[in-house]
Amino acid sequence: MSNILVFVEQFSGKVSRASLECVGAARAAGGNVCAVLAGAGADGAAADLGRFGAAKAIVLGGGEASSDALAADVAAIAKEEGAKAFLCAATSAGRDLAPRVAALLDSTLFSDCTALSAQGDAFTAVRPWLAGKAIATLTSSAPVFCATTRPNVFAASESSGTCAVVARAASAGGKAKVTGIEAKSGGKLDVKEAPVVVSGGRGMKGPEHFALIEELAAAFGNAATGASRAVVDAGWRPHSEQVGQTGKTVAPQLYVAVGISGAIQHLAGMRTSKVIVAINKDAEAPIFKVADYGIVGDAFEVVPALAKAVRELKAKG
Ligand SMILES: Cc1cc2nc3c(=O)[nH]c(=O)nc-3n(C[C@H](O)[C@H](O)[C@H](O)COP(=O)(O)OP(=O)(O)OC[C@H]3O[C@@H](n4cnc5c(N)ncnc54)[C@H](O)[C@@H]3O)c2cc1C
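Since the model is a prediction, treat every value here as computed from it, not as a measurement. Within each chain, residue numbers correspond to sequence positions counted from 1 in written order. It should be noted that, the model being predicted, local features are given only for residues of pLDDT at least 70 and side-chain atom pairs only at 80 or more, the latter also being counted only at that level, while totals for whole chains, interfaces and linings use all residues. Hydrogens and water molecules were not included; the side-chain quantities draw on all heavy atoms of the structure.

## Topic: helix 3 (residues 67-80)
Helical segments are the DSSP runs of H or I of at least four residues, strand segments are the runs of E of at least two, and each set is numbered from the N terminus. In a helix, the anticipated span is given by 1.5 Å times the number of residues less one. If you check helix 3, its first and last C-alpha atoms are 20 Å apart, about what 14 residues at 1.5 Å a residue would give, namely 20 Å. Relative accessibility under 20% of the residue-type maximum defines a buried residue, over 50% an exposed one, and the middle range a partly exposed one, all with a 1.4 Å probe and only protein chains included. Judged by how many residues are buried, helix 3 sits mostly within the fold: 10 of 14 residues are covered. Looking only at helix 3, the buried set comprises Ser67, Asp68, Ala69, Leu70, Ala71, Asp73, Val74, Ala75, Ile77 and Ala78. Against the buried residues of helix 3 lie strand 1 (3-7), strand 4 (32-38), strand 5 (54-61), strand 6 (85-89), helix 4 (92-104) and strand 12 (164-169). Directly beyond the C-terminal end of helix 3, a positive phi value near 65 degrees is found at Gly82. Contact definition: two residues touch when any of their heavy atoms are within 4.5 Å.

Structure, rendered in structure tokens:
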């Protein structure tokens, strides 16, 4: 069984779902998982990782929240642990850390992978290429296989195992330092992590009508609101909600695209969603080519009716 090192993100003691999925991906590939955690609250978060299949967790204490210092520590741990693979989730922090670790290990990084497997110590990753037009299957001859996993694609499965927690001092120094982290306002779910995403496009006609998108998201209860670039560029919605090539890549259980035409750059960010529902008044809109369910109709009629139906269904339990 190969040792797989997984960098696990946590914030104030709470492990991110994307990281638990990454641990799940490592386990599903047959790995013996060693997790690395850093930052305030990492101790508490590490203790619980056995429940998700990590055999060992190394907690980096102290340090100065510097990506390059953290990368140096993670790369050193990968070598010490004899890791055959290094994984982390393709989140903002993961995208910052993973290339640095891969470079220090003299390896190639396969980013945003949607499948992972191993035969002995030989790993194979699958990832979308060319805005999702092609699917690449990749292997590496580097001594440590390095990859990031796309959030919401892999399962975070629970186990009955326990995890040995080891403390280790983080390296000081580093060129880039994180001096502060601002929590998201309003406790809203992030599009990258939410199991359901309801996105609106230019078909919503104006920022005031996004109340309908929010109403549908609220009806689902576990949903985040997303947006096309056209509406973000118009200042209707914040950039943090933009889905697509120059926004965020999402893969929720359910993606609802409302008044979005389905330009290739938007599809690049959502086409690996499990179930896609498109609502558009133009039956020829390209979004219907990737949709599992399509509703040809006016968003201003369909969305309130859908929100009502979801609320009624949920009320019935
Ligand atoms: C380099 C580059 C990067 C890009 N990156 C991104 C990106 O990350 N994300 C992204 O989204 N785009 C991106 N774009 C822009 C992309 O090409 C499209 O312009 C954009 O996605 C269109 O947004 P939209 O679908 O909201 O608007 P439109 O293309 O204008 O579509 C609006 C849709 O609403 C429908 N509609 C209108 N009224 C109603 C109604 N009442 N009810 C229902 N439907 C209605 C219309 O039929 C139409 O299909 C990028 C472009 C470039 C060049």
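## A word on the side chain of Asp68
With respect to the element layout, Asp68 can be found in helix 3. Here the positive residues are Lys and Arg and the negative ones are Asp and Glu; neither His nor the chain ends is included. What makes a salt bridge here is a side-chain nitrogen of Lys or Arg within 4 Å of a carboxyl oxygen of Asp or Glu, nothing more. One buried charged residue, Asp68, remains without a salt bridge, the closest side chain of opposite sign being Arg100 at 4.5 Å. Within polar-contact distance, the side chain of Asp68 engages the side chain of Ser66 at 2.8 Å. In this structure, Asp68 is in contact with Arg100, Gly174, Lys175 and Ala176, ignoring residues within four places of it in sequence. What qualifies as a polar contact is a pair of N or O atoms within 3.5 Å, subject to a donor-acceptor requirement within protein and to the restriction that residues adjacent in sequence count only when both atoms come from side chains.

## Focus on the domain arrangement of the protein
Domain segmentation is taken from an automatic or database assignment of domains. Domain assignment breaks the protein into domain 1 (3-169) and domain 2 (185-316). Taken over C-alpha atoms, the centre of domain 1 sits 30 Å from the centre of domain 2. Every contact between the two is made by 16 residues of domain 1 and, on the other side, 12 residues of domain 2. Buried area, as used here, totals the accessible surface that two parts lose on assembly, with accessibility defined by a 1.4 Å probe and the loss added over both. The junction of domain 1 with domain 2 conceals about 1,100 Å² of combined surface from both sides, 50% of it contributed by carbon and sulfur atoms. Considering only the surface of domain 1 that becomes buried against domain 2, Ala131, Arg150 and Asn152 emerge as the three largest contributors, covering 51% of it. In this assembly, domain 1 and domain 2 are joined by 0 salt bridges. Here domain 1 is connected to domain 2 by 5 residue pairs in polar contact (both at pLDDT 80 or more). Residue type decides the class: Asp, Glu, Lys and Arg count as charged, Ala, Val, Leu, Ile, Met, Phe, Trp, Tyr, Cys and Pro as nonpolar, and the leftover types, Gly among them, as polar. Here the side of domain 1 that touches domain 2 is built from residues that sort into 6 nonpolar, 5 polar and 5 charged.

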